Amino acid sequence: MTGELRARARGVSLGLYAADLGNLRAAAELAVGWGCTILHYDVMDGVFVPGMTAGPGLVAATDIGLLRDVHLMVQNPADHVGSYVSAGADMITVHAESNGAGDAIKAIRKAADAADRPVLAGLALMPGTSLDSVSGLLDMDPDMILVLSLDPRDKAPPDIATACARVAALRARLGPQAPLLAFDGGVTLDSIAEIAACAPDMIVSGSAVLGAPDPKTAFEIMARACPADPATKE
């Protein structure tokens, strides 16, 4: 059921909250003209990580036909995933470090079944979380693993090289049936070449695109480095 969706969930996931918050739908519509196919929503609860952002209502309000990629940086994700499925999310990623991450993955799949449509269940890993410590969650076969190059809780700068090495380690550990591997944090025009070399299936970039003097060109550079169709990679 998720195979076709997984095939589409590649390339650049555009961090929508880096746009003008009063014009998010317009920003998303503009990005369609650049070739954007995925919108990324960082959802923060002010508990698991600092800061708070809008909830499922905004995900629903920005339905313009693109894939909606929801990254839940919340303390108790299992309590919230159902509302994001109802809002139309196509991908929901929960943190391994949150409370009840395994229950949240199960809840995503249960809600997707109830909605009778595919929703990818993702697992996010902070930089300090070892792969061995989350082996049980990896055994649940998440559809996507989101590798973070920084931990927003400690405000340390992104460690691109270590995160790239983690992408490679996950690919080696999980083999040919590995889930989608995504990269988040510090994805800029200066770092994209290094990140692209580890061949993630998806990259997340927000302010480096939407805050650029020429957002369209910035997006196109990102998309050429991490294309939705790997056969077109330059």
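Everything in this summary refers to the structure shown in the same document.

### Quick word on the nonpolar core
- Grouped together as the largest cluster of nonpolar side chains are 63 residues, with contacts concentrated most on Val 70, Leu 72, Ile 92, Phe 183 and Ile 203.
- The residues contacting Ile 203, other than those within four sequence positions of it, are Gly 11, Val 12, Ser 13, Phe 183, Val 187, Ile 192, Ile 195, Met 222 and Cys 226.
- Counting 18 residues, the second-largest nonpolar core is a separate cluster that includes Leu 5, Met 73, Met 91 and Leu 146.

### Here's the deal with unusual backbone geometry
- Even without a glycine there, the phi angle at Asp 116 is positive, about 60°.
- By the element assignment, Asp 116 lies in the loop between helix H5 (101-115) and strand E5 (120-125).
- The phi angle at Lys 155 is positive, at roughly 60°, despite the residue not being glycine.
- Tracing the sequence through the fold places Lys 155 in the loop between strand E6 (144-148) and helix H7 (160-174).
- Assessed through its relative accessible area of 75%, Lys 155 is described here as exposed.

### Focus: the side chain of Asp 143
- Checked against the element boundaries, Asp 143 lands in the loop between helix H6 (135-138) and E6.
- The side chain of Asp 143 sits in the buried core without any salt bridge; Arg 109 is the nearest counter-charge, 4.0 Å away.
- In contact with Asp 143, not counting residues within four places along its chain, are Thr 2, Arg 6, Arg 109, Val 119, Leu 120, Ala 121, Pro 179 and Leu 180.

### Details of the pattern of salt bridges
- This structure, assessed with the given rule, holds seven salt bridges.
- Linking Arg 68 and Asp 63 is a salt bridge whose minimum nitrogen-to-oxygen distance equals 3.6 Å.
- When its relative accessible area of 6% is taken as the criterion, Arg 68 is described as buried.
- For Asp 63, a relative accessible area of 40% gives the class partly exposed.

Basis of the calculations
- Residues numbered from 1 in each chain as written.
- Predicted model: local features only at pLDDT ≥ 70, side-chain atom pairs only at ≥ 80, totals over all residues.
- Heavy atoms only, no water.
- Core = buried A, V, L, I, M, F, W, Y, C linked by side-chain atoms within 4.5 Å.
- Buried < 20%, exposed > 50% of the residue type's maximum accessible area, 1.4 Å probe, protein only.
- Contact = heavy atoms within 4.5 Å.
- Helix = DSSP H or I, 4+ residues; strand = E, 2+ residues; numbered from the N terminus.
- Lys, Arg positive; Asp, Glu negative; His and termini not counted.
- Salt bridge = Lys/Arg side-chain N within 4 Å of Asp/Glu carboxyl O.

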